[in-house]
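Remarks on the overall topology
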Amino acid sequence: MNLGPLPEELVPTSTIEISHDERGRWQVIAAYPAKRVSSSRPRRKRLARIEGIDAGVSEIFTDTTGRRYGAGQYERIAVRAQRDRDRGQARNRLRVVRDPALARARAADAAGDVAKARVARAKAQRIERHNLGRNKLSAQRVHDRAG
């Protein structure tokens, strides 16, 4: 995960807390001066000093002491990425079937053959309706990002 450079107004100036929540996820809480953005206070009383935090791929965060937070996240991300890649390839194969059907429908319309145009357009519409919809894909992406 590449977060890129932080804007000067968002560089933490007091504390950063990395904690594990009750659902098995990691969260980072950074406290900023009140004049810049709203801040939150860490839950724990005794905080360890950390020079810096690295956001990575194989684990979510690594601090300067070498402690790793969220190890094992890479496997979950890789499984989701492979599933999305396979799904995208399958959708592309269906588009390869749909697009010529639309081209045949346009050609038949131009030639005045209404029956052939209707058949070709119906095939393209069936592929679009039953195989290329976005509802399930969108819902799964929302679920993945939430968990």
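In what follows, the accompanying structure is described. (Residues numbered from 1 in each chain as written. Predicted model: local features only at pLDDT ≥ 70, side-chain atom pairs only at ≥ 80, totals over all residues. Heavy atoms only, no water.)

1. Some remarks on the pattern of salt bridges
Counted under the stated rule, the structure contains 5 salt bridges. Across the pair Glu128 and Arg98 runs a salt bridge whose closest N-O atoms are separated by 2.5 Å. One end of the pair, Glu128, is in helix H2 (residues 114-131); the other, Arg98, is in helix H1 (residues 73-111), with 30 residues separating them in the sequence. Judged by relative accessible area, which is 36%, Glu128 ranks as partly exposed. Classification of Arg98 as buried rests on a relative accessible area of 15%. Residues joined in a network through salt bridges with shared partners are Arg83, Asp84 and Arg87. (Salt bridge = Lys/Arg side-chain N within 4 Å of Asp/Glu carboxyl O. Helix = DSSP H or I, 4+ residues; strand = E, 2+ residues; numbered from the N terminus. Buried < 20%, exposed > 50% of the residue type's maximum accessible area, 1.4 Å probe, protein only.)

2. Here's the deal with the packing of H1 against H2
Direction vectors running N to C along H1 and H2 enclose 155°, while the axes themselves pass 8 Å from each other. Taken together, the axes of H1 and H2 lie roughly antiparallel to each other. In the packing of H1 onto H2, the handedness of the crossing is left-handed. Taken together, the residues of H2 that come into contact with H1 (itself represented by Arg91, Leu94, Val97, Arg98, Ala101, Leu102, Arg104, Ala105, Ala108 and Asp109) are Lys116, Ala117, Ala120, Arg121, Lys123, Ala124, Ile127, Glu128 and Asn131. In terms of residue class, the contact of H1 with H2 is made up of 10 nonpolar, 1 polar and 8 charged. (Axes fitted to C-alpha atoms, helices over the stretch in contact; angles between N-to-C directions. Parallel < 35°, antiparallel > 145°, perpendicular 65-115°, else oblique. Left-handed = near helix turned anticlockwise from the far one by under 90°. Contact = heavy atoms within 4.5 Å. Nonpolar A, V, L, I, M, F, W, Y, C, P; charged D, E, K, R; others polar.)

3. Digging into the side chain of Arg91
Looking at the secondary structure, you find Arg91 in helix H1. Glu128 is the oppositely charged side chain nearest to the buried, salt-bridge-free Arg91, at an N-O distance of 6.5 Å. Engagement of the side chain of Arg91 in a polar contact is seen with the backbone oxygen of Gly133, the distance being 3.2 Å. Excluding anything up to four places from it in sequence, Arg91 contacts Asn131, Leu132, Gly133, Arg134 and Leu137. (Lys, Arg positive; Asp, Glu negative; His and termini not counted. Polar contact = N/O pair within 3.5 Å; in protein donor to acceptor, adjacent residues only side chain to side chain.)

4. Things to note about a positive patch on the surface
On the surface, Arg104, Lys123, Arg126 and Arg129 cluster together to form a positively charged patch. Considering every element that reaches the positive patch, the biggest residue donor is H2, with 3 residues. Locating Arg104 in the fold gives a position in helix H1. A residue is classified by how much of its surface remains accessible, and Arg104, at 44% relative accessible area, is partly exposed. (Patch = residues over 30% accessible without salt bridge, like charges linked within 9 Å, V, L, I, M, F, W, Y side chains within 5 Å. Areas by Shrake-Rupley, 256 points an atom, 1.4 Å probe, with all protein chains shown as cover. Charge placed at Lys NZ, Arg CZ, Asp CG, Glu CD.)

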